[in-house]
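# Fold and geometry: a report
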Amino acid sequence: MATVSPLSGSLAPIGTEVRRGAELAIEAKVRTFKSQGYDLVLAPFDDQASATRAGSIARDILADNSIVGVVGALNSSVSNVLAQAFEPARLASVSPASTNDALTGHDWNSFSRVVAPDRAQAVAAATYLQEEVGAKNVFVISDNTAYGNGLATTLQANLKRRNIALSGYAGASDPAGIAAAVKKVSEAAPDVVYYGGTDDIGSALVKALRAAGVKAVFMGGDGLDSPSFAQRAGGSATGVVYSTGFGPVSAYSGSEVFARQYQAKYKTAPSGVAMMAYDATNALLSAMNTTLKAGGALPTRAQVSDAVRKVNFAACVNKSALLCDSVSGPVAFDASGERMRSRVLVMRLGADAKASIVTIKTVTADSLR
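Keep in mind that this is a model prediction, so the values were computed, not measured. (Residues numbered from 1 in each chain as written. Predicted model: local features only at pLDDT ≥ 70, side-chain atom pairs only at ≥ 80, totals over all residues. Heavy atoms only, no water.)

Within the protein one finds 11 helices and 14 strands. The C-alpha extent of the protein, read off along each of the three principal axes, is 70 × 40 × 35 Å. Taken across its 369 residues, the protein has 56% of its residues classed as buried. For the protein, the share of sequence-separated contacts (at least 6 apart) that also reach a separation of at least 24 residues comes to 67%. Surface exposure of the protein reaches about 14200 Å², of which carbon and sulfur atoms provide 52%. Mean positive and mean negative side-chain charge positions of the protein (35 and 30 charges, respectively) differ by 3 Å. (Helix = DSSP H or I, 4+ residues; strand = E, 2+ residues; numbered from the N terminus. Buried < 20%, exposed > 50% of the residue type's maximum accessible area, 1.4 Å probe, protein only. Contact = heavy atoms within 4.5 Å. Areas by Shrake-Rupley, 256 points an atom, 1.4 Å probe, with all protein chains shown as cover. Lys, Arg positive; Asp, Glu negative; His and termini not counted. Charge placed at Lys NZ, Arg CZ, Asp CG, Glu CD.)

Set out below in structure tokens:
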């Protein structure tokens, strides 16, 4: 099995969480597979959050016949490249974090994800801005990635449905872009600045906005759901709101043993991304287990891919010493690879850099069509 995530570069902190979540799931199943004649090994690939690198990584993975399942990618742009490359070979990939809406709209049979898509986050975010904030106008900023653009686009559509005015839009992916965006925001004086993108640009953006005296509510998507965002943003993170399909691990009933074992192994608390990577890995491991052949022969990639779509984990409230197979709740996929039932949380960061839950929305795959 392989993971694909950024293990170097600015998104390495969160990309490492993907690898760690997968490691923990695999370690829990090594003996089970060994008893059936199989050695379960993880091969982590570093994509540096680059869609350009994804092509060569996909070729390397496809050339290794021992890899029959992939956990990843983190970034939607990378997942898009990987899924296109894997589909002809029917190599299953389950993303713990790629939320771009289009990923499940290609009729791919081998791509699935355990996280809620952008359109689910956009509904939750727009509802919050209307009902809780009472926002009249919103300035939207994207980091120009596939993820950021997708989230920004779906948020704008939901604002329009609620008659909330768009006071401006900007792309910002470097210091010059951030400076230009801050100038536009200062001139527009919106109630809310909504940011679609990852935590590295997001932290620099909110710091620049606060330094310029912009006091508007700053809200983003699950790209901000990372300990590294608060660390990078410092005091500017206070009051930041974000929607997320992850959230604090403690918010999930099956998390107790997972969190304890993760802390013991890595000397730090797990993030929601690590939790989703753990669940994504277990979905693949379950699919692999149902397709194992006598004598240690590997199942075909197509067999594993088909089996992923049949995975059906019930909600886990196990408080024993055993790890749950699914920490984040029931896991099953529809024909497009979308999770049948997921949760979107709206979170707010406090002065202590800790996030508290503002509201929780349950989203079904049917409601997203």
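The subject of this paragraph is helix 2 (residues 51–63). With 13 residues, helix 2 extends 19 Å from end C-alpha to end C-alpha; this agrees with the ideal 18 Å at 1.5 Å per step. Inspection of helix 2 places Ala54, Gly55, Ile57, Ala58 and Ile61 among the buried residues, and these make up the whole buried set. Against strand 1 (2–5), strand 2 (43–46), strand 3 (69–72), helix 3 (76–86) and helix 11 (301–308) lie the buried residues of helix 2. With a side-chain oxygen positioned 3.2 Å from the backbone nitrogen of threonine 52, the residue opening helix 2 is serine 50. (Expected span 1.5 Å × (residues − 1). Polar contact = N/O pair within 3.5 Å; in protein donor to acceptor, adjacent residues only side chain to side chain.)

Turning our attention to the packing of helix 1 (residues 12–34) against helix 10 (residues 272–289). Packing of helix 1 against helix 10 leaves a shortest axis separation of 7 Å and a crossing angle of 35°. Crossing handedness for the pair helix 1 and helix 10: right-handed. Contacts between helix 1 and helix 10 involve Ile14, Glu17, Val18, Gly21, Ala22, Leu24, Ala25, Ile26, Lys29 and Phe33 from the first element and Val273, Ala274, Ala277, Tyr278, Thr281, Asn282, Leu285, Met288 and Asn289 from the second. Across the contact of helix 1 with helix 10, the residue classes break down as 13 nonpolar, four polar and two charged. (Axes fitted to C-alpha atoms, helices over the stretch in contact; angles between N-to-C directions. Left-handed = near helix turned anticlockwise from the far one by under 90°. Nonpolar A, V, L, I, M, F, W, Y, C, P; charged D, E, K, R; others polar.)

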